[in-house]
Amino acid sequence: MSRAGGNFGLPARQRRRTALEALSDCLRLEAKPFGIDVVVIEPGGIATEWGAIALRRILPARAFDAVISRAVGTPR
């Protein structure tokens, strides 16, 4: 697996993907004269219900924002 973006101060997992993409590109160039193709698969986004589920869990917690703000003294 790889990613399409490059390496701009990214977390370790994304840096490893970028390194894998660069290594695969070099391997592709080296193997081409021998008729060997090297392919990197870069999956796109995956539709899930995670956002809706997380939002349902977060919204009830907002009812306590005013109480927490008064107790801590900072706006939330």
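The rules behind each value
Residues numbered from 1 in each chain as written. Predicted model: local features only at pLDDT ≥ 70, side-chain atom pairs only at ≥ 80, totals over all residues. Heavy atoms only, no water. Helix = DSSP H or I, 4+ residues; strand = E, 2+ residues; numbered from the N terminus. Buried < 20%, exposed > 50% of the residue type's maximum accessible area, 1.4 Å probe, protein only. Contact = heavy atoms within 4.5 Å. Salt bridge = Lys/Arg side-chain N within 4 Å of Asp/Glu carboxyl O. pLDDT = per-residue confidence, 0-100. Patch = residues over 30% accessible without salt bridge, like charges linked within 9 Å, V, L, I, M, F, W, Y side chains within 5 Å. Areas by Shrake-Rupley, 256 points an atom, 1.4 Å probe, with all protein chains shown as cover. Expected span 1.5 Å × (residues − 1). Arc of directions from axis to C-beta.

Quick rundown of the overall build of the chain? Include the residues and the values.
A count of helical and extended segments in the chain gives three helices and zero strands. Sorting the 76 residues of the chain into buried and exposed places 12% on the buried side. In the chain, of all internal contacts separated by at least 6 residues, the share reaching a separation of at least 24 is 26%.

Break down the pattern of salt bridges for me, with residues and values.
A pair can form between side chains of opposite charge whenever their charged atoms are brought close. Summed over the entire model, instances satisfying the criterion amount to one salt bridge. A salt bridge links Arg 28 to Asp 25; its shortest N-O distance comes to 2.5 Å. Highlighted residues: Arg 28 and Asp 25, both in helix 1 (residues 12–31), separated by three residues, approximately one helical turn.

Before we move on, could you go through the side chain of Ser 24 and cite the residues and values that matter?
Along the chain, Ser 24 turns up in helix 1. When sequence neighbours within four positions are dropped, the list of residues in contact with Ser 24 reads Val 38 and Val 40.

Describe the confidence of the model for the chain, with residues and values.
A low pLDDT means the predicted coordinates there should not be read in detail. Confidence along the chain averages 77 in pLDDT terms, with 70% of residues attaining 70 or more. The secondary structure element of the chain with the lowest average pLDDT is helix 2 (residues 50–58), at 72, and the one with the highest is helix 1, at 90.

Give me the lowdown on a nonpolar patch on the surface, citing residues and values where you can.
A surface patch of nonpolar side chains, amounting to about 290 Å² of accessible area, comprises Phe 64, Ile 68 and Val 72. By secondary structure assignment, the location of Val 72 is in helix 3 (residues 65–72). Under the relative-accessibility criterion, Val 72 is labelled exposed at 57%.

Let's hear about helix 1: which residues, and what values?
Note on helix geometry: an α-helix contains 3.6 residues per turn, so any two residues three or four positions apart are oriented the same way. Compared with the 28 Å implied by 1.5 Å per residue over 20 residues, the 28 Å span of helix 1 between its first and last C-alpha is a close match. Among the residues making up helix 1, those that are buried are Thr 18, Ser 24 and Ala 31. All buried residues of helix 1 fall inside an arc of 160° around its axis, so they share one side. Seen from the open side of helix 1, the exposed residues pointing more than 90 degrees away from its buried face are Leu 23, Leu 29 and Glu 30.

So what's going on with the environment of Asp 37? Residues and values would help.
Along the chain, the position of Asp 37 falls in the loop between helix 1 and helix 2. When the C-alpha positions of Asp 37 and Leu 27 are compared, they lie 9.0 Å apart, and in sequence the two are ten residues distant.

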